[in-house]
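Given next are the chains, with one letter for each unit.
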Amino acid sequence: MDRRKVCVLMVLWAVAHLSFPGYGLRALRQDANGVPLRRSKRGWMWNQFFLLEEYTGTDMQYVGKLHSDGDRGDGSVRYVLTGEGAGTLFKIDEKSGDIHATKRLDREEKAYYILHAKAVNQFTNEALEGESEFIIKIHDINDNEPRFTKDPYMASVPEMSDVGTSVIQVTAIDADDATYGNSARVVYSILEGQPYFSVDPETGLIKTALPGMDREVKEHYQVVIQAKDMAGQMGGLSGTTTVSITLSDVNDNPPRFTKTLYEFRVPESNELGSSVGAIRAMDADIGPNAEMDYRIIGSDGPGMFDVTTNRSTQEGVILLRKPLDFEKKRQYSLRIQVENSHINPHFYSSGPFRDEATIKIVVEDVDEPPLFERASYIMEVKEDAARNTIVGSVSASDPDDKRSPVRYTIDRRTDMDRVFNIHAGNGSVFTLRDLDREESAWHNISVIATEFNNPRLMSRVPVYIRVLDVNDNAPTFATNYETFVCENAKANQRIQTVSATDPDEPLGGHRFTFSLAPEAAGKANFSVRDNKDNTAWILTRRSSYNSLQKSVYHVPVVISDGEYPMQSSTSTLTIRVCTCDREGNMKLCNPEALTARVGLSTGALVAILLCVIILLIIVVLFAALRRQRKKEPLIISKEDVRDNVVSYNDEGGGEEDTQAFDIGTLRNPEAIEDSKQRRDIIPETFYPPLPHRLPVIPPVTRCRLCVSSQC
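Remember, predicted model here, so these are calculated numbers, not experimental data. (Residues numbered from 1 in each chain as written. Predicted model: local features only at pLDDT ≥ 70, side-chain atom pairs only at ≥ 80, totals over all residues. Heavy atoms only, no water.)

## Things to note about the overall build of the chain
On a plain count of helices and strands, the chain comes out with five helices and 46 strands. Total accessible area on the chain stands at roughly 43000 Å², and carbon and sulfur atoms take up 51% of it. (Helix = DSSP H or I, 4+ residues; strand = E, 2+ residues; numbered from the N terminus. Areas by Shrake-Rupley, 256 points an atom, 1.4 Å probe, with all protein chains shown as cover.)

## Some words on the pairing of strand E30 (residues 377-382)
Only one face of E30 is covered, namely the face carrying Tyr377, Met379 and Val381; the face carrying Ile378, Glu380 and Lys382 is uncovered. In terms of strand pairing, E30 meets strand E37 (residues 458-468) through six bridges, oriented parallel. Paired with Tyr377 across the bridge in E37 is Val463. (Buried < 20%, exposed > 50% of the residue type's maximum accessible area, 1.4 Å probe, protein only. Pairing = 2+ DSSP bridges.)

## With respect to the state of the cysteines
For the structure shown, the criterion picks out two disulfides. Residue Cys486 pairs covalently with Cys580 via a disulfide, S to S 2.0 Å. Across the S-S bond linking Cys486 and Cys580, the dihedral sits near -85°, which makes this disulfide left-handed. Pair noted here: Cys486 is in strand E39 (residues 482-486) and Cys580 is in strand E45 (residues 568-580), with a separation of 94 residues, a long-range link. (Disulfide = S-S within 2.5 Å.)

## Structural notes on the side chain of Ser274
With respect to the helices and strands, the residue Ser274 is situated in the loop between strand E22 (261-267) and strand E23 (275-282). For Ser274, the side chain forms a polar contact with the main-chain oxygen of Glu271, separated by 2.6 Å. Those residues within four positions of Ser274 in sequence are excluded, and the remaining contacts are Ile318, Leu319 and Leu320. (Polar contact = N/O pair within 3.5 Å; in protein donor to acceptor, adjacent residues only side chain to side chain. Contact = heavy atoms within 4.5 Å.)

## Observations regarding unusual backbone geometry
Generally, phi is negative for residues other than glycine and the peptide bonds are trans, each holding for most cases. Between Asp151 and the following residue, Pro152, the backbone shows a cis peptide bond with an omega angle of 5°. Cis geometry marks the peptide bond from Gln194 to Pro195, where omega comes out at 5°. In this structure, Pro195 sits in the loop between strand E16 (187-192) and strand E17 (197-199). The phi angle at Ala231 is positive, at roughly 55°, despite the residue not being glycine. With respect to the element layout, Ala231 can be found in the loop between strand E19 (220-228) and strand E20 (238-248). Residue Ala231 is classed as partly exposed on the basis of its relative accessible area, which comes to 22%. At Lys532, a position not held by glycine, the phi torsion is positive, near 65°. One can find Lys532 in the loop between strand E42 (526-530) and strand E43 (535-540).

## Side note on the environment of Ile141
With respect to the helices and strands, Ile141 occurs in the loop between strand E11 (132-139) and strand E12 (147-148). It is 9.5 Å that separates the C-alpha atoms of Ile141 and Asp106, two residues lying 35 residues apart in sequence.

## Considering the nonpolar core
Judged by nonpolar contacts, the single largest core of 25 residues is most densely connected at Val485, Phe514, Phe526, Ile538, Val557 and Ile575. For this core, the elements supplying multiple residues, two or more each, are E39, strand E40 (494-501), strand E41 (513-516), E42, E43, strand E44 (552-560) and E45. With sequence-adjacent residues up to four places away left out, Phe514 is seen in contact with Val498, Ser499, Ala500, Val528, Asp530, Asn534, Thr535, Ala536, Val557, Val558 and Ile559. Counting residues in each nonpolar core, the second largest holds 24 residues, with Val307, Ile318, Ile336 and Ile359 among its members. (Core = buried A, V, L, I, M, F, W, Y, C linked by side-chain atoms within 4.5 Å.)

## Here we look at the UniProt feature "transmembrane region" (unreviewed entry) in the chain
Under the local residue numbering, the UniProt record ascribes the feature "transmembrane region" (unreviewed entry) to residues 604-625. What you have in residues 604-625 is 100% helix and 0% strand, and the ends, taken at the C-alpha atoms, are 32 Å apart. (UniProt positions renumbered as here; feature names shortened; annotations may be inferred.)

## Some details on the packing of aromatic side chains
If you walk through the whole model with that rule in mind, you get twelve aromatic pairs. Taking the centre distance of 6.0 Å and the plane angle of 70° together, the rings of Phe257 and Tyr262 count as edge-to-face. Judged by its relative accessible area of 8%, Tyr262 is buried. Summarising the aromatic geometry, the rings of Phe305 and Tyr332 are spaced 5.3 Å apart at their centres and angled 75° between planes, so their arrangement reads as edge-to-face. Here Phe305 is found in strand E25 (residues 305-310), whereas its partner Tyr332 is found in strand E27 (residues 331-340), with 27 residues between them in sequence. In this structure, Phe305 and Tyr332 share a single accessibility class: buried. (Phe/Tyr/Trp six-rings, centres within 6.5 Å; stacked < 30°, edge-to-face > 60°.)

Written as structure tokens, this is what we have:
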């Protein structure tokens, strides 16, 4: 029996078939001798062929045979094959209908092929029957080993886990056909990792197999898992993977101090908040399970120290909270407790999760600067105190056992004017200069205390000296009062209210009294009325004043402060006599008063004087220039000097012009209403006589001075 017949017997078996009435084309099964098997009553067409994958023979692999009922064996029928792989993977003998595979096929690449076959007349090319469809399925063999989805796997499980605790599930995939045989049936087994772990052969779930696995003893495990197909039977293919399992930490270890007694030495000069030392308890756990809290549970110096936890190093840092003094206490003892921050209730039975230790702190002596008895001093002195008067004293001492003498000085940067000094030996502060409270009410100085034996050791203390007030200033007018009185004023008419000021500050406040100076009381034209509220009124003592007789009055007012010792002064009030209307509004004062009213100040007078001086200088220079030009034979400039001559056709009135204004009208304004001018003619007095001709002056030398609103 040849190899083709053996292959046909292996792969041709009926899985399913369909009956097509009227169709005679069918796929034939052959017996062992190659004779097609036929049914006598009906024509059957097989719709599936099976082909073994991974064929290794040298000849083309035989698939099957197609045969038509119309084929009489005379060579008039030609078989045609179309569809997937037709002509490339599969070839058909056009005369016999035999189908062969031309290449080696892999089921994992393609599991089946759909093809179409028909029988046509060899000569006319007409179809003898309708087209038939059939499938060639690739028969699977066990040619793929199981492959894990990951390699390696990473997993973790808490330490001290119970037996059977799930760790991780591994999965292997076999590319073979799972519906045919056991080629794809995978069984898991553990090759390395026993006795710590086990694996479920069906699911690949890895579990713990040993109780009490301690991370602090061994943390990492390498487990090798095998997956074998053919249900694990001999001859099956297998694949392996590595699972790295890490035991995660749990808080199963308490913190422990490495020593029961710690000792630190600290200078007494350490600043508050500074570190005295650090202690650390050891914990075999890691991460949050190793976090600790420290606290003081006993101390012979309450409040002197504190302890905090450094979270990055898990150390207990001892801090200084109160100043140390070697002379008062030279040693301290603390009792410190450490405890885990996060305790696992599952391990309470392994407790307690805390520990204690004793801390001994020794204070070291330091040569300290002098220490003042007070943090600051406040002293008082009267402003009339004589020089070298003792204001107060400061006191400082050496806190060390040797008790070195102390020397006192004043920091001159705080007393630039050297108003005070201090006794170097006893610390008495005294005055060097006269004091004035009105100039400076407080003096803030700094006193320095140094040791005689070691001047580099010094300390400072602020001293605040208050200068007490003494009634040494007389009151004066609050401002420079200047007023006026109308010529038609009536007796006892108020013309001014005055007040006073005093730089002194009596405790009960100021109580000023006002009165007319005794030397002016006999011939007084005005009186002073004290209002008893630190103000006074200036009143007229008679009616009617005449500015022609006297235009200015000076009224001396005596102001007293009423303190002890009493201080008084005389201030002068200037009163000018002016012409007023019926309502008492000023209309005209004498020229001196008018000048004061328009505000011609000293600065304005100086400006006028400078302008006059400049005018004189220009005139002198111009005269000298004219004399120089007379000596020159030729005219240097092309311009005619006559172009600069300016003539004025106005003539001044001179001394004879006495009709320009009525002096009586200025003295008595009320008379203007009785002598009104006519409106239909122009008064002659409005046209003054022509002025005299002014001398010829160049335009640049003219200066006009404006004293009032008219020039």
